Amino acid sequence: MQPYFSAAVSRNVDGWRLFAGPSRNEGIAGMNALTDLPKTPVTRKSRLREGLPFPLGATWNGLGVNFALFSANATKVELCLFDSDGEHEIERIALPEFTDEVWHGFLPDARPGTIYGYRVYGPYEPENGHRFNANKLLLDPYAKALQGRLEWNPALFGYAMGSGDDLTFDKRAPCSCRNAGS
C-alpha cells in the first residue's frame, strides 16, 4: 500500500510545528512525528511542478510529493515549508495550478517527514461566508492523522476574538513564521 501523508501539530516555544509523514487510515504507521524526521532537509529553492488535482492532500509517490487543496473561492494558496525542527519557515511556494477548484503542485524535493502548512488568500467578507486570512497558517484538511496538542489562543482565530465582533479581521500570526518572507 502506498503511504499517505498526514499532518501533525505540536506547540513549540514560539508557535506551531506541522509535520507531514507517511500514515495509513488507521494513523501514523510506525513513525514518531516529532523524532523520526528524515535526514534529507527540504531545499530552499524548490522546483515546484504543476502536479495533479487528485488525490486531495499531500501524497508521496516515491519521487516527490503532490500537494492538492480544494478551495472554490481562494485567489492564491501558498505551501509553507519548515526546517527539520519545525521551528522556522524556510520557504513559501505558491501552488501553481488551479483545476476544478483544486489548487495543486508537485514538489520533487519533498519526502515523508516534510514539515508544511498552507496560507490561503481570498476575500474577507464574513457577511458572504468568506473568511480568508493569510496571516493564519492552516493545517492540511485532508490529513489522515494529526499529532500533537492544540492550545486554544485568541490569535488562532481569523477575527479579533476579544472584540465581541466576529466580523473583524485579526492580523496576528500565531506562529514563529510570521516574519518569514515569500
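Structure: see above.
Residues numbered from 1 in each chain as written. Predicted model: local features only at pLDDT ≥ 70, side-chain atom pairs only at ≥ 80, totals over all residues. Heavy atoms only, no water.

Caption draft 1: Geometry of the overall build of the protein chain. Secondary structure assignment for the protein chain yields zero helices and 12 strands. Its helices and strands taken in sequence order, the protein chain reads β-β-β-β-β-β-β-β-β-β-β-β from the N to the C terminus. Out of the 182 residues belonging to the protein chain, those deemed buried represent 45%. Considering only contacts within the protein chain whose residues lie at least 6 apart along the sequence, 66% involve residues at least 24 apart. About 9,500 Å² of surface is accessible on the protein chain, with carbon and sulfur atoms providing 52% of the total. (Helix = DSSP H or I, 4+ residues; strand = E, 2+ residues; numbered from the N terminus. Buried < 20%, exposed > 50% of the residue type's maximum accessible area, 1.4 Å probe, protein only. Contact = heavy atoms within 4.5 Å. Areas by Shrake-Rupley, 256 points an atom, 1.4 Å probe, with all protein chains shown as cover.)

Caption draft 2: The arrangement of the environment of N61 in detail. In this structure, N61 sits in the loop between strand 4 (57–60) and strand 5 (65–70). Note on N61: relative accessible area 43%, which makes it partly exposed. Each C-alpha atom, one on N61 and one on P108, is 9.6 Å from the other, the two residues being 47 residues apart in sequence. Of note is the side chain of N61, whose polar atom sits 2.8 Å from the backbone nitrogen of L63. (Polar contact = N/O pair within 3.5 Å; in protein donor to acceptor, adjacent residues only side chain to side chain.)

Caption draft 3: Region of the structure containing the nonpolar core. Of all hydrophobic cores here, the largest spans 18 residues; its most connected members are F67, V77, L79 and Y118. Contributions of two or more residues to this core are made by strand 5, strand 6 (76–82), strand 7 (89–94), strand 9 (102–107) and strand 10 (115–121). Residues contacting Y118, with those up to four places away along its chain left out, are F67, A68, L69, V77, E78, L79, C80, L95, K136, L137, L138 and D140. (Core = buried A, V, L, I, M, F, W, Y, C linked by side-chain atoms within 4.5 Å.)

Caption draft 4: The arrangement of the sheet that holds strand 10 in detail. On the basis of which strands lie adjacent, the open sheet formed by three strands has the order 7-6-10 and antiparallel pairing. Both edges of this open sheet fall to strand 7 and strand 10, since each of them pairs with a single strand only. Within this sheet the neighbouring strands show an average axis-to-axis angle of 25°, counted without direction. (Pairing = 2+ DSSP bridges. Axes fitted to C-alpha atoms, helices over the stretch in contact; angles between N-to-C directions.)

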